[in-house]
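Each chain, letter by letter, is given below.
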Amino acid sequence: MLLKSKLKRIIASALFGDPHQFLTLRKMRDKTFILMYHRVLYYGDKEQVFVQPGIYVSQNTFRKHIEFLKTNFKILFLDELLQRIENGKNIDGCCSITFDDGWNDNFTNAYPVIKEYQVPATIFLATNYIGNNKVFWPEELCFYLKLTQNKWEYLPKSIKKQYEREIISKINEDKLLDNIIENVKKLNPDERENILEKLRIVSPIKSLPKLLIDWNEARIMVDSGLINFGAHTANHVILDQVSLQQAEQEIVQSRQHIEDQLGIQVNYFAYPNGNFNKDIKKLLKRIGFKGAVTTQKKLIDEKVSLFEIPRIGMHDDVSNSIPLFIARILTKRF
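First things first, this report covers the structure right here in the doc. (Residues numbered from 1 in each chain as written. Predicted model: local features only at pLDDT ≥ 70, side-chain atom pairs only at ≥ 80, totals over all residues. Heavy atoms only, no water.)

The subject of this paragraph is the environment of valine 202. Inspection of the secondary structure puts valine 202 in helix H10 (residues 189-202). Take valine 202: its relative accessible area is 35%, and that puts it in the partly exposed class. Distance from valine 202 to asparagine 277, taken between C-alpha atoms, is 38 Å for residues 75 residues apart in sequence. The contact partners of valine 202, leaving out residues within four places of it in the chain, are Thr148 and Tyr154. (Helix = DSSP H or I, 4+ residues; strand = E, 2+ residues; numbered from the N terminus. Buried < 20%, exposed > 50% of the residue type's maximum accessible area, 1.4 Å probe, protein only. Contact = heavy atoms within 4.5 Å.)

The full count for this structure, using the stated rule, is 13 salt bridges. With a shortest N-O distance of 2.3 Å, glutamate 308 and lysine 281 are connected by a salt bridge. Here lysine 281 lies in helix H13 (residues 278-286) and glutamate 308 lies in the loop between strand E9 (291-293) and strand E10 (312-313), a separation of 27 residues in the sequence. Judged by relative accessible area, lysine 281 falls into the buried class, the value being 18%. (Salt bridge = Lys/Arg side-chain N within 4 Å of Asp/Glu carboxyl O.)

Our focus in this paragraph is the side chain of serine 319. By the element assignment, serine 319 lies in helix H14 (residues 316-319). Residue classification places serine 319 among the buried positions, given a relative accessible area of 1%. Here histidine 315 takes part through its backbone oxygen, which lies 2.8 Å from a polar atom of the side chain of serine 319. With near-sequence residues (within four places) excluded, serine 319 lies in contact with Val57, Thr61, His65, Met314, Leu324 and Phe325. (Polar contact = N/O pair within 3.5 Å; in protein donor to acceptor, adjacent residues only side chain to side chain.)

So, about the side chain of glutamate 217. Within the secondary structure, glutamate 217 sits in helix H11 (residues 215-223). What glutamate 217 contacts, discounting residues up to four positions off in sequence, is Asn104, Phe107 and Lys210.

It is the rolling of a water-molecule-sized probe over the atoms that shows where space remains empty. Empty space within the second largest pocket amounts to approximately 370 Å³. If you go around the second largest pocket, you meet 18 residues; those closest to its centre are Tyr129, Trp137, Arg192, Glu193 and Asn235. At the level of elements, helix H6 (137-147), H10 and helix H12 (244-262) are the ones that each hand at least two residues to the lining of the second largest pocket. No other element matches the 6 residues that H10 contributes to the lining of the second largest pocket. (1 Å grid on protein atoms, 1.4 Å probe; cavity = no way out; pocket = protein on both sides within 12 Å on 5 of 7 lines; lining within 4 Å. Points joined across faces, edges and corners; volume = space filled by probe spheres on them.)

For H12, built from 19 residues, the straight-helix expectation of 27 Å at 1.5 Å per residue is met to within 8% by its first-to-last C-alpha distance of 27 Å. Within H12 the residues assigned to the buried category are Ala247, Glu250, Ile251, Ser254, Arg255, Ile258 and Leu262. Viewed end-on, H12 has its buried residues packed into an arc of 115°, placing them on one side of the element. Residues Gln245, Gln249 and Asp260 are exposed on H12 and point more than 90 degrees away from its buried face. The elements touched by buried residues of H12 are strand E6 (121-125), H11, strand E7 (227-231), strand E8 (268-270) and H13. Of the residues one or two after H12, glycine 263 is the one with positive phi, at around 65°. (Expected span 1.5 Å × (residues − 1). Arc of directions from axis to C-beta.)

What follows is the structure in structure tokens.
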């Protein structure tokens, strides 16, 4: 894995390092892109609570990205970019920045950089986690797994068997936990909750530190004129794993929370985990959303479906240099 990362860095530097990067980006005629971030951490922050490798960038990496984008692109609010596409206007040299979930470090670490460079961004909120100490199940699961004795016995047999060698060896536990999250994600919500209930009972520590923003912090960001907010369900439910009725409740409640708390109109939605189907898309259209963003990685042109909008996910190990950042945007293999 380390060798693969080094190879990618060498290739990215050769293809997109100075003086090639500017010329390469200018070839993106009639296309645009939307970036997807989750967490922005100071060096060392990720040691406090387990953080999945694929959901964070360091603040230093984020600053590099913003400085480069500010120099080379016109950064627009998501709704402004999508309105340009819908109205057939020119999108050359434009892009947008988005965040999913509403992590506390969006306010403490990302927002100061956004203010410094005066660029707009959109944060999609899972609203029942805002203003309290609730946490998402992957963080809660890994928090308890790290602290609990005989922890692996509380996982389903199929997962334990798949990772038996790694569990016994105790090598690279963070990688093991990341793989376990991806497998538990495939279970239905009741199965996930059953695992957590067992771990809550036996864990020596019962609660995690505050990980999400509160509504006052959200209001500060709205009042700056630099941050807009979109809906991301109330409870970060994976929508194609629940009934359409429950999906509608989650989506409507999320939008209502944001509009009531922040006094803004919510027009766009982000699918939790990127999961959706044709019924979910029809539902969003019926209840008045103008579009929805996915986790599909590709550039955008005027033919994009406004309820299947791609975004390019950024995390530190694939974007911590500008050549890697450009390669992540422009190529499928990075």
